[in-house]
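An overview of the molecular structure
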Amino acid sequence: MARASFSGTYGHNLQLEIVSGGSRQDIANNFSMVNVQVRLIANSYPVIYGIGGKTLKVSAGGESKTISVDANISQNQNKLIFDKEFKVPHDSNGSKSVYISARLDINIGNYGWAEVGVNVQLPTIPRASTGSSANSIIGQPIVLNISRHSDAFKHAIWVRFGNYDKKIAGDSVDTSFTWTPEMSMMDEIPNDSSGYGTLTYITYSNGIEIG
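The text that follows walks through the structure, step by step, so that each part is easy to find. Note on numbering: residues in each chain are counted from 1, in written sequence order. Per-residue local features are limited, in this predicted model, to residues with pLDDT of at least 70; the limit for side-chain atom pairs, both in listing and counting, is 80 or more; totals at the level of whole chains, interfaces and linings are taken over all residues. Only heavy atoms go into the side-chain values, all of them from the structure, while hydrogens and water stay out.

**What to know about the overall build of the chain**
Here is the rule: Under the scheme used here, helices are H or I runs from DSSP no shorter than 4 residues and strands are E runs no shorter than 2 residues, and both carry numbers assigned from the N terminus. Here the globule rule reads 2.2 Å times residues to the power 0.38, and the radius of gyration is calculated from C-alpha atoms. Type-normalised accessible area, obtained with a 1.4 Å probe on protein chains alone, sets the label of each residue: buried when under 20%, exposed when over 50%, and partly exposed for intermediate values. A contact between two residues is defined here by any heavy atoms of the two lying within 4.5 Å. Here the accessible surface of atoms and residues is derived via Shrake-Rupley with a 1.4 Å probe, and residues count as covered only by protein chains that are part of the display.
Along its length, the chain carries zero helices and 15 strands. Computed over C-alpha atoms, the radius of gyration of the chain comes to 28 Å, more than 25% over the 17 Å expected from 2.2 N^0.38 for 211 residues, which places it beyond the range of a compact globule. Seen through its C-alpha atoms, the chain measures out along the principal axes to roughly 90 × 25 × 20 Å. Within the span of the chain, comprising 211 residues, buried residues form 38% of the whole. For the chain, long-range pairs separated by at least 24 residues make up 62% of all intrachain contacts whose partners lie at least 6 apart in sequence. Of the roughly 11300 Å² of accessible surface on the chain, a fraction of 45% belongs to carbon and sulfur atoms.

And the structure:
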């Protein structure tokens, strides 16, 4: 929450307040819908009436909305003049700090304009899970463990070992998978006793790949 007084001779009697009223996450698509509320707040002095719509501009995360609002207000009134959601994309790691601002121009009766802004740290959206490495012997089973950020996440696992490139687990693995390296992998190291490959863990949320 943040407040700012209006400009003008009597502007200190009137304030513009901005509040982030919470957010809801779209985990699969890595964005939040952020609720923004703006209020016009008068102390025991101001009475503003008989004016037409006044321009209010509200911005959040690079998106702006400009609307005409009723800025008429009575003494000691706390008036909601804006209540809408903004779509705010998160960074690739799921984190996001968003700057929310609002400006209202009244420009009447020695009340000028007010502009207020606030930085809001949004809850981090869980992203790709982390899978264990493998140090195994071809032909012997090994357990691959996965650390996930949400119980709803599922996973697929790919192995690349030379020209061996195979999806070893479908898209429904939870937190562990037992894998037995195939004997055919020995064809990739005909003159060596060991070799290195790559394990890739793919994370899904509601069937959508997120990392």
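Text resumes after the structure shown.
**Section: the environment of Glu-209**
Structurally, Glu-209 is set in strand E15 (residues 208-209). Put simply, Glu-209 and Asn-93 are 116 residues apart on the chain and 14 Å apart in space, counted from C-alpha to C-alpha. Ignoring anything within four residues of it in the chain, the contact list for Glu-209 reads Ile-202, Thr-203 and Tyr-204.

**A look at the layout of surface pockets**
To keep it simple, the criterion reads: As defined here, a cavity is a set of points on a 1 Å grid over the protein atoms alone where a 1.4 Å probe fits but cannot get out. A pocket is an open set with protein on both sides within 12 Å along at least five of seven lines, and residues line them when an atom is within 4 Å of a point. Grid points are joined across faces, edges and corners, and a volume is the space filled by probe spheres set on the points. Gly is put with the polar residues, along with every residue not named as nonpolar or charged; the nonpolar set is Ala, Val, Leu, Ile, Met, Phe, Trp, Tyr, Cys and Pro, and the charged set is Asp, Glu, Lys and Arg.
Approximately 540 Å³ is the volume attributed to the largest pocket. Lining of the largest pocket is provided by 22 residues; of these, Ala-134, Ser-136, Phe-161, Gly-195 and Gly-197 occupy positions nearest its centre. At the level of elements, strand E11 (154-161) and strand E14 (198-205) are the ones that each hand at least two residues to the lining of the largest pocket. Counted by class, the lining of the largest pocket contains twelve nonpolar, eight polar and two charged residues.

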